[in-house]
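Below, each chain spelled out in residue letters.
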Amino acid sequence: MVRFQDVSLRYGAGPEILDRVSLDLAPGSFHFVIGASGAGKSSLLKMMYLANRPTSGRISLFGRDVSSLSRHDAALLRRRIGVVFQDFRLLDHLSTLDNVALPLKVSGQRSDEIRKDVVELLTWVGLADHLDAKPATLSGGQQQRVAIARAVVSRPSLLLADEPTGNVDNRIAERLLYLFEELNKRGTTIVVATHNEALISRFNYPVIRLVRGEVRLEHAETLIRTSDMPARAPVDHGTRDTSLPVEGNPESAG
Amino acid sequence: MLLRKSVVPLNSDATGRFLPWLVAVMVYLAALALVSAMAMSKIVTRWDHGLSGQITVQLPVSESDLTEAEITNRREEVLTLLQQSPGVLSANHIGREETAALLEPWLGQTSGLSELPLPDLIAVEIDQLDPPSTASLTARLIEIVPGATIDDHQRWLGNLLNLARSIEIVAALVVLLVGLSAVIMVVFVTRMGLAVHYQIVELLHLIGAQDGYIAREFQTHSLKLGFFGGLVGVALAALTIFGITRLLGQADTALLPALSLRPLEWVILGALPFASALVAMVTARLTVLRTLSRIP
Ligand SMILES: Nc1ncnc2c1ncn2[C@@H]1O[C@H](COP(=O)(O)OP(=O)(O)OP(=O)(O)O)[C@@H](O)[C@H]1O
Ligand SMILES: [Mg+2]
């Protein structure tokens, strides 16, 4: 699914941010990327979503060498990757509905076909009452859910989340990861970059640790669930195969 | 409501707001340049038609001490020669009074006119399809009347044609320069829009928008601005021409028919807003595609 071979990255004439990194993330896998601030987590993800080209080395996604992709094919490939950006990157002048619908519109789907899906998805993430709200009028946690909804609306095969728990407290962060877990169970390959090691320790997923430009693959400690965080059974929504678990509004639920 | 509006909010920022007005000024200039060129070419055609079917034969009278009878004799001989020459349709003497009348606008109704040594003039109508050679005709005339000359108006017409051609070249140059400035302006405005909305452009790119999709946002906006500016410019130009026509109409001059536009010319003027819209659209598209090609 994601394959790095001796990938190095430096910005301009700066230092080597990543130094001959090799990775092979299997389809359907779930990985955390951790490392200190400035370790290169975002940089690694940017190469995965084709925003940056490596200085040297080979990257292949979905079995295709990305350096040989045409611009057209690269765009098609990006549509199979959902990204939750560290800073959300919602469009200020668009409503929640329009923000989430954007990936579908960009891939050429008709507005009337989009609407039903988007409303459904926004209901699942607890934003049914905020369909027409502009991002500026939403709380940080709500904006984050909009960003996540936009990342998953086109049912990507690969979901990359850069510090998706940065703006919220641990409780909500944990809920968010359950949500990703749910998507992962339905076949989505997931990579979550974070520096919240305490959070990671609650999940039993492999960890890619970035230290001085090199990667170490580790396994997280055995999953520990606290009593106030019961595991919820996924609810079937019938129409969607990559649906998010219904849990109402994560903020109000806690 | 869902996503009907454009993703890049170009309408709500100030980057393109002045563009239609600049386009209007440019289209206005282009339209006036075109109309001048078209009017000039019509004037030339008209004079060309009016004059090239005619030549004028001049028989000098001043340096000779001929009697009235001798002059008449000589003239009759020339008239006969002319009428028998192939390619000549008719040859008529222009009387003294007529000649004086021709000069009147320049010299005024002076009493001294009759004392001027006016040349004997013969108006000759020639077959435009098979015109006689001016040189050989002159040679034969000189045998009868030394000093006889033929004015075929070619020098006058040639000057006029040169003037018309110069005006056409200047008009073409104006249109070219105006078009070039418009292109530069649209490039500038589009780059500004790209810079202002870079976040949005980058996001669209990252969620899988093709370059053409992003370009369309900008080119549609640019097309509207270019078309609106073009409409205003042509409307102003039409008003100007109308105004000039009215002014000239009161003065009753020969320029008037040249300024009343033929259908084809109206079509050319009417096409200007479409041309400016097209230029604006294509320029914006190429500018965006070029900028995007630098994003990996
Ligand atoms: N566009 C850029 N140009 C130059 N240097 C950059 C650029 N982006 C990142 N860097 C540098 O690369 C290094 C890694 O940055 P990166 O954003 O990948 O770190 P990170 O692990 O995501 O940090 P954080 O946890 O704070 O988000 C940093 O030293 C940063 O200064
Ligand atoms: Mg980062």
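Given the structure is predicted, the values throughout are model-derived calculations rather than measurements.

Chemist: Is there a simple way to think about the overall build of chain A in this case?
Modeler: When helices and strands are counted, chain A shows 8 helices and 10 strands. Just so you have it, chain A exposes about 10700 Å², and 48% of that area is on carbon and sulfur atoms.

Chemist: Mind showing me how you'd approach the site of ligand 1 here?
Modeler: Residues and elements named next belong to chain A. For ligand 1, the full set of nearby residues is Tyr 11, Ile 17, Ala 36, Ser 37, Gly 38, Ala 39, Gly 40, Lys 41, Ser 42, Ser 43, Gln 86 and Glu 163. Here Ser 37 contributes a side-chain N or O atom positioned 2.6 Å from an oxygen atom of ligand 1. In this structure, Gly 40 approaches ligand 1 through a main-chain N or O atom, which is 2.9 Å from an oxygen atom. Counted by class, the shell around ligand 1 contains 4 nonpolar, 6 polar and 2 charged residues.

Chemist: Whenever I open this one, the coordination of the magnesium ion (ligand 2) confuses me. Can you help?
Modeler: When a metal holds four donors in a tetrahedron, each ideal angle between them is 109.5 degrees; when it holds six in an octahedron, the ideal angles are 90 or 180 degrees. Residues and elements named next belong to chain A. Taken together, the protein donors to the magnesium ion (ligand 2) comprise Ser 42 (OG) and Gln 86 (OE1), at separations of 1.9 to 2.4 Å. Residue Ser 42 is located in helix 1 (residues 41-48), and its partner Gln 86 is located in the loop between strand 6 (81-84) and helix 3 (96-106); the two are separated by 44 residues in the primary sequence. For Gln 86, a relative accessible area of 39% gives the class partly exposed.

Chemist: I tried to follow the sheet that holds strand 2 (residues 88-94) of chain B on my own but got confused; where do I start?
Modeler: Note: strands within a sheet are paired through backbone hydrogen bonds, in either parallel or antiparallel orientation. Residues and elements named next belong to chain B. Taken in spatial order, the 4 strands line up as 2-3-1-4 in an open sheet, and their pairing is antiparallel. Of all the strands in the sheet, the pair left with one neighbour each is strand 2 and strand 4 (149-151). Mean inter-strand twist for the sheet, computed between neighbouring axes without regard to direction, equals 25°. Its contacts with the sheet put helix 4 (residues 134-144) on strand 1 (54-59) and strand 4, and the angle it makes with strand 4 is roughly 150°.

Chemist: Looking at this structure, I do not really get the sheet that holds strand 1 (residues 2-10) of chain A. What am I missing?
Modeler: All names here are of chain A. The 4 strands are arranged 2-1-4-5 in an open sheet whose pairing can be described as antiparallel. Each edge of the open sheet is held by one strand with a lone partner, namely strand 2 (16-25) and strand 5 (64-65). Note: strand 4 (residues 56-61) against strand 5, 2 bridges, orientation antiparallel. The residue bridging Ser 60 from the neighbouring strand is Asp 65, located in strand 5.

Chemist: Quick question: what am I supposed to make of the interface of chain A and chain B here?
Modeler: Accessible area lost upon the coming together of the parts serves often as the stated size of an interface. Chain A puts 27 residues into the contact, and the matching count from chain B is 24 residues. Where chain A abuts chain B, roughly 2600 Å² becomes buried across the two surfaces, and 61% of that area is made up of carbon and sulfur atoms. Summed over the three residues of chain A that lose the most area to chain B, namely A:Arg71, A:Arg78 and A:Lys105, the buried surface amounts to 25% of that side. Linking chain A with chain B are 2 salt bridges, by the criterion used here. One salt bridge connects A:Arg89 with B:Glu202, and the closest N-O pair in it is separated by 3.1 Å. The interface formed by chain A and chain B contains 9 residue pairs in polar contact (both at pLDDT 80 or more). Going through the elements one at a time, helix 2 (71-78), helix 3 and helix 4 (111-124) of chain A are the ones with two or more residues in the side of chain A that touches chain B. With 7 residues, the top contributor of residues to the side of chain A that touches chain B is helix 3 of chain A. A class-by-class count of the residues in the side of chain A that touches chain B yields 14 nonpolar, 3 polar and 10 charged.

Chemist: Sorry, what's going on with the side chain of B:Gln210 here?
Modeler: By secondary structure assignment, the location of B:Gln210 is in the loop between helix 6 (198-206) and helix 7 (211-251). In this structure B:Gln210 comes out as buried when scored by relative accessible area, which is 16%. With sequence-adjacent residues up to four places away left out, B:Gln210 is seen in contact with A:Arg71, A:His72, A:Ala75, A:Leu76 and A:Arg79.

Chemist: How do you make sense of empty space enclosed by the protein when you look at a structure like this?
Modeler: To find leftover empty space, a probe the size of one water molecule is rolled over the atoms. Residue and element names in this part refer to chain B. All chains considered together, the criterion is met by 2 cavities of 30 Å³ or more. Its volume calculated, the largest cavity comes out at about 90 Å³. Lining the largest cavity, in full, are Leu 10, Thr 15, Gly 16, Leu 19, Val 186, Val 189, Thr 190, Gly 193, Phe 218, His 221, Ser 222 and Leu 225. Elements with a minimum of two residues in the lining of the largest cavity: helix 5 (154-196) and helix 7.

Chemist: I would appreciate a short explanation of a nonpolar patch on the surface in the present structure.
Modeler: All names here are of chain B. A contiguous nonpolar surface patch, about 260 Å² in accessible area, is contributed by Phe 18, Leu 22 and Phe 188. With respect to the secondary-structure elements, Phe 188 resides in helix 5. For Phe 188, a relative accessible area of 49% puts it in the partly exposed group.

Chemist: It is not clear to me how the packing of helix 5 of chain B against helix 9 (residues 263-292) of chain B should be interpreted in this structure. Could you clarify?
Modeler: Each pair of packed helices can be described by the angle between their axes along with the distance between the axes. Residue and element names in this part refer to chain B. Where helix 5 contacts helix 9, the axes come no closer than 9 Å and their chain directions differ by 45°. Viewed along their axes, helix 5 and helix 9 adopt a mutual orientation that is oblique. Here helix 5 and helix 9 pass one another in a crossing that is right-handed. Residues Val 183, Val 186, Val 187, Thr 190, Arg 191 and Leu 194 of helix 5 pack against Val 279, Ala 280, Thr 283, Ala 284, Thr 287, Val 288 and Thr 291 of helix 9. Each residue belonging to the contact of helix 5 with helix 9 can be placed in one class, and the counts come to 8 nonpolar, 4 polar and 1 charged.

Chemist: Before we go on, may I ask you to explain the pairing of strand 1 of chain A in this structure?
Modeler: Consecutive side chains of a regular strand alternate in pointing toward one face of the sheet and then the other. Residues and elements named next belong to chain A. Bridge analysis of strand 1 against strand 2 gives 6 bridges, and the strand direction is antiparallel. Of the residues in strand 2, the one forming a bridge with Phe 4 is Leu 23. Between strand 1 and strand 2, which follow one another and run antiparallel, lie 5 residues, and Gly 12 among them has a positive phi close to 55°. With 5 bridges joining them, strand 1 and strand 4 adopt antiparallel strand pairing. The residue bridging Gln 5 from the neighbouring strand is Arg 58, located in strand 4.

Calculation criteria
- Numbers given to residues run from 1 along each chain, matching the order in which its sequence is written.
- Here every chain gets a letter starting at A, and every ligand a number starting at 1, in the order they are written.
- With the structure being a predicted model, the display of local features is reserved for residues of pLDDT at least 70 and the display and counting of side-chain atom pairs for 80 or more, all residues being used for whole-chain, interface and lining totals.
- Hydrogens and waters are ignored; side-chain quantities use all the structure's heavy atoms.
- Note on conventions: DSSP H or I runs of at least 4 residues are helices, E runs of at least 2 residues are strands, and numbering of each starts at the N terminus.
- Methods summary: accessible areas were calculated by the Shrake-Rupley approach with a probe of 1.4 Å, and residue burial reflects only the protein chains presented.
- A single heavy atom is enough: if one lies within 4 Å of a molecule or strand, its residue is considered near that molecule or strand.
- The definition of a polar contact used here is a pair of N or O atoms within 3.5 Å, where within protein one atom must be able to donate a hydrogen and the other to accept one, and adjacent residues in sequence count solely through side-chain atom pairs.
- Residue classes follow a fixed rule: Ala, Val, Leu, Ile, Met, Phe, Trp, Tyr, Cys and Pro count as nonpolar, while Asp, Glu, Lys and Arg count as charged, and any other residue, Gly among them, counts as polar.
- Metal sites are built from N, O and S donor atoms within 2.8 Å, or 3.2 Å for Na, K and Ca, and they leave out water, so they may look incomplete.
- Buried, partly exposed and exposed residues are distinguished by accessible area as a fraction of the type maximum, computed with a 1.4 Å probe on protein chains only: under 20%, between the cut-offs, and over 50%, respectively.
- In this analysis, strands are considered paired if DSSP registers two or more bridges between them.
- Fitted lines through C-alpha atoms serve as axes, helices being fitted only where they are in contact, and the angles separating the N-to-C directions of these axes extend from 0 to 180 degrees.
- The contact criterion used throughout is that any non-hydrogen atoms of two residues lie within 4.5 Å.
- Joining two parts hides part of their accessible area as seen by a 1.4 Å probe, and the buried area is that hidden amount summed over both.
- Here a salt bridge means any side-chain nitrogen of Lys or Arg lying within 4 Å of a carboxyl oxygen belonging to Asp or Glu.
- Grid points spaced at 1 Å over the protein atoms alone were grouped into cavities, where a 1.4 Å probe fits but cannot get out, and pockets, open sets with protein on both sides within 12 Å along at least five of seven lines, with lining residues defined by an atom within 4 Å of a point.
- Grid points are joined across faces, edges and corners, and a volume is the space filled by probe spheres set on the points.
- Patch construction takes residues with relative accessible area above 30% that form no salt bridge. Like charges are linked within 9 Å, and nonpolar side chains (Val, Leu, Ile, Met, Phe, Trp, Tyr) are linked within 5 Å.
- Roughly parallel means an angle under 35 degrees; roughly antiparallel, over 145; roughly perpendicular, 65 to 115; everything else is oblique.
- By convention, the crossing between two helices is left-handed when the near helix turns anticlockwise from the far helix through less than a right angle, and right-handed when the turn is clockwise.

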